[in-house]
Amino acid sequence: MAQWPLFQYPVAAHLPILMADSLSTSDNPTTETWRPHVTVACVVADGDRYLMVEEEVSGRLAYNQPAGHLDDGESLVAAALRETLEETGWTVELQHLIGIHQWRSTEHGDAVIRFSFAARGIAHDAARPLDKGIRRALWLTRSEIADLGERLRSPLVLLSIDAWLAGQRLPLSTLDYLPEAGSA
């Protein structure tokens, strides 16, 4: 049995009780369940250039991949396709899951779980209005993106590109989507 050396506490035997106590909200009915922000992003490469967005965030210009939050009832794949179209006017085809990244945002202080995808540009609608706050879509090299420094929306921008450049690729079949409980 696992022992906690300092107190010789049998942690394994009491773990279910400890977890239940720490998760209980019955003593304080106003306590909300903690949930991270679930986001998606696409690394869209064209040669040595990457599709980026210039956006207004909290009164400053920031640069990011096409990215955004998963909507209720939406699959991760659908969210990635939607966000890329809404923010850039590009219709893309997802090719791979690059990675799943966990981070605490310096912007709002909340935890973020980001699913990063590799995608290929299919068609661009230059006349399509972009999401509110998006100034423009642009193509930049990795070096130009790195030179943006603090203007990057998060460290996940370069992390995703570098993982893609290193050959990190998971099949999209890694992800399952069960739209409704009980529907099979």
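Please refer to the structure higher up on the page.
Residues numbered from 1 in each chain as written. Predicted model: local features only at pLDDT ≥ 70, side-chain atom pairs only at ≥ 80, totals over all residues. Heavy atoms only, no water.

Caption draft 1: Region of interest: the side chain of Ser 116. Position of Ser 116 relative to the elements: it lies in strand β6 (residues 111-124). Side chain to side chain, Ser 116 and Ser 160 meet in a polar contact 2.8 Å long. Excluding residues that lie within four positions of it along the chain, Ser 116 makes contacts with Ala 41, Leu 97, Ile 98, Gly 99, His 101 and Ser 160. (Helix = DSSP H or I, 4+ residues; strand = E, 2+ residues; numbered from the N terminus. Polar contact = N/O pair within 3.5 Å; in protein donor to acceptor, adjacent residues only side chain to side chain. Contact = heavy atoms within 4.5 Å.)

Caption draft 2: Expanded view of helix α2 (residues 76-88). Over its 13 residues, α2 extends 18 Å from the first C-alpha to the last, a length consistent with the 18 Å expected when each residue adds 1.5 Å. Taken together, the buried positions of α2 are occupied by Leu 76, Ala 79, Ala 80, Arg 82, Glu 83, Thr 84, Glu 87 and Thr 88. Buried residues along α2 sit in contact with β1 (37-46), β2 (49-57), β4 (67-69), β5 (90-104), β6 and β7 (134-141). Positive phi appears at Gly 89, one or two residues downstream of α2, with a value of about 80 degrees. (Expected span 1.5 Å × (residues − 1). Buried < 20%, exposed > 50% of the residue type's maximum accessible area, 1.4 Å probe, protein only.)

Caption draft 3: Quick peek at the environment of Ile 134. Take Ile 134: it is sitting in strand β7. Between the C-alpha atoms of Ile 134 and Glu 54, which are 80 residues apart in sequence, the distance is 6.0 Å.

Caption draft 4: Quick peek at the pattern of salt bridges. This model, assessed by the stated rule, comprises 10 salt bridges. A salt bridge links Glu 55 to Arg 153, with the nearest nitrogen and oxygen atoms 3.0 Å apart. With Glu 55 in strand β2 and Arg 153 in the loop between α3 (142-147) and α4 (156-165), the pair connects residues that are 98 residues apart, well separated along the chain. For Glu 55, a relative accessible area of 7% gives the class buried. Arg 120 serves as the salt-bridge partner of Glu 93, at 2.6 Å between the closest nitrogen and oxygen. You can see Glu 93 sitting in strand β5 and its partner Arg 120 sitting in strand β6, a full 27 residues away along the chain. The exposure class of Glu 93 is partly exposed, given its relative accessible area of 37%. Each of the salt bridges in this network shares a partner with another, and the network as a whole consists of Asp 71, Glu 74, Arg 82, Glu 83 and Glu 86. (Salt bridge = Lys/Arg side-chain N within 4 Å of Asp/Glu carboxyl O.)

Caption draft 5: Summary view of the packing of aromatic side chains. Scanning the entire structure with this criterion turns up 2 aromatic pairs. Relative to Trp 164, the ring of Tyr 50 lies with its centre 6.0 Å away and its plane at 85 degrees, an arrangement referred to as edge-to-face. Of this pair, Tyr 50 sits in strand β2 while Trp 164 sits in helix α4, placing them 114 residues apart in sequence. Under the relative-accessibility criterion, Tyr 50 is labelled buried at 4%. Ring centres of Trp 90 and Trp 139 lie 5.7 Å apart, and the angle between their planes is 85 degrees; this geometry places the pair in the edge-to-face category. Placement of the pair is Trp 90 in strand β5 and Trp 139 in strand β7, with a sequence separation of 49 residues. Taking the relative accessible area as the measure of exposure, Trp 90 reaches 19% and is therefore buried. (Phe/Tyr/Trp six-rings, centres within 6.5 Å; stacked < 30°, edge-to-face > 60°.)

Caption draft 6: Quick peek at the pairing of strand β3 (residues 60-64). Alignment of β2 against β3, held across 5 bridges, turns out to be antiparallel. From the neighbouring strand, Val 53 faces β3, where its bridge partner is Asn 64. Taking the residues between adjacent antiparallel strands as the criterion, β2 and β3 are bridged by 2 residues, where Ser 58 takes a positive phi near 50 degrees. (Pairing = 2+ DSSP bridges.)

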